[in-house]
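# A structural walkthrough
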Amino acid sequence: MVFLRSEEHLERWLGANGWDPGATMTAATLNELARLWWWTRLDPAWRPRTPAESQAILDELGLIGEFWRLA
Amino acid sequence: MDELDLRIRNHVYASFVEDGRARTPEEVAAALGLAEGEVAAAYRRLDDAHALVLEPASTEILMLNPFSTVETQHRVETGGRAWFANCAWDALGIPAALHTDGVVESVCADCGEHLELRVSDGKLAQGADLLVHFVVPARQWWDDIAFT
(Lines give C-alpha, C1' and ligand atoms only; values in the text may rest on other atoms or scores of the structure.)
Protein backbone atom coordinates (compact mmCIF):
# COMPACT_ATOMS: atom_id res chain seq x y z
CA MET A 1 0.00 0.00 0.00
CA VAL A 2 1.28 3.43 -0.91
CA PHE A 3 0.56 7.07 -0.17
CA LEU A 4 -0.63 9.39 -2.91
CA ARG A 5 -1.11 13.14 -2.84
CA SER A 6 -4.57 13.29 -4.46
CA GLU A 7 -7.09 11.58 -6.73
CA GLU A 8 -5.27 13.04 -9.71
CA HIS A 9 -2.02 11.40 -8.62
CA LEU A 10 -3.83 8.15 -7.86
CA GLU A 11 -5.38 7.92 -11.32
CA ARG A 12 -2.09 8.73 -13.02
CA TRP A 13 -0.25 6.14 -10.91
CA LEU A 14 -2.80 3.41 -11.67
CA GLY A 15 -2.71 4.24 -15.37
CA ALA A 16 1.07 4.28 -15.53
CA ASN A 17 1.22 0.82 -13.98
CA GLY A 18 -1.75 -0.62 -15.87
CA TRP A 19 -3.52 -1.60 -12.66
CA ASP A 20 -7.23 -1.77 -12.11
CA PRO A 21 -8.44 0.41 -9.23
CA GLY A 22 -8.53 -1.46 -5.92
CA ALA A 23 -9.61 0.37 -2.79
CA THR A 24 -8.79 3.90 -1.68
CA MET A 25 -9.02 5.49 1.75
CA THR A 26 -7.67 8.59 3.42
CA ALA A 27 -4.56 8.40 5.55
CA ALA A 28 -6.78 9.32 8.51
CA THR A 29 -8.80 6.13 8.00
CA LEU A 30 -5.66 4.10 7.51
CA ASN A 31 -4.36 5.47 10.81
CA GLU A 32 -7.49 4.21 12.55
CA LEU A 33 -7.03 0.84 10.89
CA ALA A 34 -3.35 0.75 11.86
CA ARG A 35 -4.17 1.41 15.49
CA LEU A 36 -6.73 -1.36 15.65
CA TRP A 37 -4.56 -3.77 13.68
CA TRP A 38 -1.14 -3.24 15.31
CA TRP A 39 -1.89 -1.99 18.84
CA THR A 40 -1.15 -5.34 20.57
CA ARG A 41 1.70 -6.44 18.31
CA LEU A 42 4.40 -5.94 20.96
CA ASP A 43 2.34 -7.19 23.88
CA PRO A 44 4.12 -10.18 25.51
CA ALA A 45 0.71 -11.85 25.71
CA TRP A 46 0.21 -11.44 21.96
CA ARG A 47 -1.50 -14.30 20.20
CA PRO A 48 -2.31 -14.54 16.48
CA ARG A 49 -5.74 -13.20 15.64
CA THR A 50 -8.24 -15.54 14.11
CA PRO A 51 -9.43 -14.66 10.59
CA ALA A 52 -12.79 -13.72 12.11
CA GLU A 53 -11.12 -11.30 14.54
CA SER A 54 -9.18 -9.67 11.71
CA GLN A 55 -12.31 -9.45 9.58
CA ALA A 56 -14.12 -7.79 12.49
CA ILE A 57 -11.51 -5.02 12.55
CA LEU A 58 -12.09 -4.31 8.85
CA ASP A 59 -15.84 -4.43 9.39
CA GLU A 60 -15.59 -1.97 12.28
CA LEU A 61 -14.14 0.63 9.93
CA GLY A 62 -16.74 -0.03 7.26
CA LEU A 63 -14.25 -1.88 5.06
CA ILE A 64 -16.81 -4.33 3.76
CA GLY A 65 -17.55 -6.02 0.47
CA GLU A 66 -15.71 -8.58 -1.62
CA PHE A 67 -12.46 -6.59 -1.80
CA TRP A 68 -12.09 -6.70 1.98
CA ARG A 69 -12.93 -10.37 2.51
CA LEU A 70 -9.92 -12.09 4.04
CA ALA A 71 -11.12 -15.61 3.21
CA MET B 1 1.42 -21.62 17.09
CA ASP B 2 2.79 -23.33 20.18
CA GLU B 3 4.39 -21.80 23.26
CA LEU B 4 7.94 -22.30 21.99
CA ASP B 5 7.17 -20.47 18.76
CA LEU B 6 5.54 -17.65 20.70
CA ARG B 7 8.51 -17.41 23.05
CA ILE B 8 10.91 -17.17 20.11
CA ARG B 9 8.64 -14.72 18.30
CA ASN B 10 8.38 -12.48 21.36
CA HIS B 11 12.14 -12.53 21.89
CA VAL B 12 12.76 -11.58 18.24
CA TYR B 13 10.30 -8.67 18.42
CA ALA B 14 11.51 -7.41 21.79
CA SER B 15 15.17 -7.50 20.79
CA PHE B 16 14.40 -5.74 17.50
CA VAL B 17 12.57 -2.95 19.32
CA GLU B 18 15.46 -2.71 21.77
CA ASP B 19 18.19 -2.04 19.21
CA GLY B 20 16.69 -2.22 15.71
CA ARG B 21 18.48 -5.40 14.74
CA ALA B 22 16.80 -8.64 13.70
CA ARG B 23 18.36 -11.61 15.44
CA THR B 24 19.65 -14.72 13.68
CA PRO B 25 18.54 -18.18 14.82
CA GLU B 26 22.03 -18.64 16.27
CA GLU B 27 21.67 -15.54 18.44
CA VAL B 28 18.17 -16.47 19.60
CA ALA B 29 19.31 -20.00 20.38
CA ALA B 30 22.12 -18.66 22.55
CA ALA B 31 19.84 -16.17 24.32
CA LEU B 32 17.09 -18.68 25.07
CA GLY B 33 19.18 -21.80 25.64
CA LEU B 34 17.84 -23.60 22.58
CA ALA B 35 19.41 -25.45 19.67
CA GLU B 36 19.99 -23.32 16.56
CA GLY B 37 18.15 -25.83 14.37
CA GLU B 38 15.17 -25.70 16.70
CA VAL B 39 15.02 -21.91 16.36
CA ALA B 40 15.50 -22.01 12.59
CA ALA B 41 12.58 -24.45 12.33
CA ALA B 42 10.48 -22.11 14.49
CA TYR B 43 11.37 -19.19 12.21
CA ARG B 44 10.00 -21.15 9.24
CA ARG B 45 6.80 -22.00 11.10
CA LEU B 46 6.38 -18.35 12.13
CA ASP B 47 6.89 -17.33 8.50
CA ASP B 48 4.25 -19.84 7.40
CA ALA B 49 1.90 -18.40 10.04
CA HIS B 50 2.61 -14.82 8.84
CA ALA B 51 3.98 -13.91 12.28
CA LEU B 52 7.17 -12.69 10.59
CA VAL B 53 8.52 -12.71 7.04
CA LEU B 54 11.79 -14.34 6.02
CA GLU B 55 13.88 -13.70 2.96
CA PRO B 56 13.09 -16.41 0.37
CA ALA B 57 14.84 -19.74 1.08
CA SER B 58 16.55 -18.24 4.12
CA THR B 59 16.18 -17.77 7.86
CA GLU B 60 17.07 -14.08 7.55
CA ILE B 61 14.20 -11.90 8.77
CA LEU B 62 12.89 -9.36 6.27
CA MET B 63 9.78 -8.12 8.06
CA LEU B 64 8.64 -8.01 11.66
CA ASN B 65 5.40 -6.30 10.72
CA PRO B 66 4.84 -3.46 11.03
CA PHE B 67 8.64 -3.04 11.08
CA SER B 68 10.90 -3.63 8.11
CA THR B 69 14.40 -4.87 8.88
CA VAL B 70 15.69 -3.19 5.71
CA GLU B 71 15.54 0.39 4.48
CA THR B 72 12.36 1.33 2.60
CA GLN B 73 10.66 4.48 1.32
CA HIS B 74 8.60 4.68 4.54
CA ARG B 75 10.66 6.08 7.42
CA VAL B 76 9.14 6.54 10.86
CA GLU B 77 10.50 8.55 13.78
CA THR B 78 9.25 7.89 17.27
CA GLY B 79 10.79 9.14 20.49
CA GLY B 80 14.10 10.03 18.87
CA ARG B 81 14.44 6.69 17.13
CA ALA B 82 14.00 5.85 13.46
CA TRP B 83 12.40 2.81 11.88
CA PHE B 84 11.49 1.62 8.41
CA ALA B 85 8.09 0.23 7.49
CA ASN B 86 7.01 -2.16 4.77
CA CYS B 87 4.13 -0.09 3.43
CA ALA B 88 1.84 2.84 4.23
CA TRP B 89 -0.25 0.73 6.60
CA ASP B 90 2.79 -0.50 8.49
CA ALA B 91 4.24 3.02 8.62
CA LEU B 92 1.23 4.16 10.63
CA GLY B 93 1.33 0.86 12.49
CA ILE B 94 4.71 1.60 14.06
CA PRO B 95 3.50 4.47 16.31
CA ALA B 96 0.45 2.31 17.06
CA ALA B 97 2.51 -0.73 18.05
CA LEU B 98 4.85 1.42 20.15
CA HIS B 99 1.91 3.35 21.68
CA THR B 100 3.55 6.66 20.92
CA ASP B 101 3.43 9.71 18.69
CA GLY B 102 5.43 9.59 15.49
CA VAL B 103 6.38 11.20 12.22
CA VAL B 104 6.12 9.24 9.00
CA GLU B 105 8.23 10.36 6.06
CA SER B 106 7.32 8.83 2.76
CA VAL B 107 6.76 9.75 -0.89
CA CYS B 108 3.84 10.06 -3.27
CA ALA B 109 3.92 6.85 -5.31
CA ASP B 110 3.03 8.84 -8.43
CA CYS B 111 5.31 11.86 -8.38
CA GLY B 112 7.86 11.01 -5.71
CA GLU B 113 7.21 14.18 -3.74
CA HIS B 114 8.21 13.97 -0.09
CA LEU B 115 5.27 13.48 2.26
CA GLU B 116 5.17 13.92 6.01
CA LEU B 117 2.47 12.60 8.31
CA ARG B 118 2.32 13.27 12.04
CA VAL B 119 0.61 11.03 14.56
CA SER B 120 -0.25 12.82 17.79
CA ASP B 121 -2.31 11.27 20.60
CA GLY B 122 -3.39 8.57 18.20
CA LYS B 123 -4.76 10.98 15.61
CA LEU B 124 -3.26 12.01 12.32
CA ALA B 125 -2.41 15.65 13.00
CA GLN B 126 -0.74 16.13 9.62
CA GLY B 127 -1.34 14.30 6.35
CA ALA B 128 -4.86 13.15 7.19
CA ASP B 129 -6.15 13.98 3.70
CA LEU B 130 -3.48 12.09 1.82
CA LEU B 131 -4.77 9.03 -0.01
CA VAL B 132 -3.80 5.41 0.40
CA HIS B 133 -4.50 2.84 -2.26
CA PHE B 134 -4.79 -0.92 -1.92
CA VAL B 135 -4.25 -2.63 -5.28
CA VAL B 136 -4.48 -6.19 -3.95
CA PRO B 137 -7.75 -7.58 -2.50
CA ALA B 138 -7.56 -8.73 1.13
CA ARG B 139 -7.84 -12.42 0.26
CA GLN B 140 -4.60 -12.17 -1.76
CA TRP B 141 -2.51 -10.00 0.58
CA TRP B 142 -0.24 -12.85 1.61
CA ASP B 143 0.17 -14.32 -1.89
CA ASP B 144 3.04 -11.85 -2.37
CA ILE B 145 3.36 -9.78 0.78
CA ALA B 146 6.30 -7.77 -0.54
CA PHE B 147 4.15 -6.55 -3.47
CA THR B 148 1.10 -6.04 -1.28
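Refer to the structure presented above.
Right, let's walk through the structure included here. Here the structure is a predicted model, which means the values were calculated and not measured.

## Considerations on the interface of chain A and chain B
Many authors give the size of an interface as the accessible area that is lost as the parts come together. Between chain A and chain B, the contact holds 36 residues from the first and 38 residues from the second. Mapped onto the side of chain A that touches chain B, the elements with two or more residues apiece are strand 1 (2-4), helix 1 (7-17), strand 2 (23-26) and helix 2 (27-38) of chain A. Of the residues forming the side of chain A that touches chain B, the biggest block, nine residues, is contributed by helix 2 of chain A. A per-class count over the side of chain A that touches chain B returns 24 nonpolar, six polar and six charged. With four bridges joining them, strand 2 of chain A and strand 9 (residues 131-134) of chain B adopt antiparallel strand pairing. Bridge assignment links Ala23(A) to a residue of strand 9 of chain B, and that residue is Phe134(B).

## Quick notes on the nonpolar core
Where a protein is soluble and globular, its nonpolar side chains tend to be buried together. Phe3(A), Ala88(B) and Leu92(B) are the most contacted members of the largest nonpolar core, which has 49 residues in total. Here this core takes eight residues from helix 4 (residues 88-98) of chain B, the largest share from any one element. Look past the residues within four positions of Phe3(A) in its chain and what remains in contact with it is Ala27(A), Ala88(B), Ser106(B), Cys108(B), Ala109(B), Leu115(B), Leu130(B) and Val132(B).

## Some thoughts on the sheet that holds strand 2 (residues 61-64) of chain B
Residues and elements named next belong to chain B. Here we have eight strands laid out as an open sheet, ordered 1-2-3-5-4-6-7-8, and antiparallel in their pairing. In this open sheet, the two strands that pair with only one neighbour each are strand 1 (53-54) and strand 8 (123-126). As defined by bridge partners, strand 1 adjoins strand 2 across two bridges and the pair is classed as antiparallel. By the bridge assignment, Val53 is partnered in strand 2 with Met63.

Calculation notes
Residues numbered from 1 in each chain as written. Chains lettered and ligands numbered in written order. Predicted model: local features only at pLDDT ≥ 70, side-chain atom pairs only at ≥ 80, totals over all residues. Contact = placed C-beta atoms within 7 Å. Helix = DSSP H or I, 4+ residues; strand = E, 2+ residues; numbered from the N terminus. Nonpolar A, V, L, I, M, F, W, Y, C, P; charged D, E, K, R; others polar. Pairing = 2+ DSSP bridges. Core = buried A, V, L, I, M, F, W, Y, C linked by C-beta atoms within 7 Å. Buried ≥ 20, exposed ≤ 12 C-beta atoms within 10 Å, placed from the backbone.

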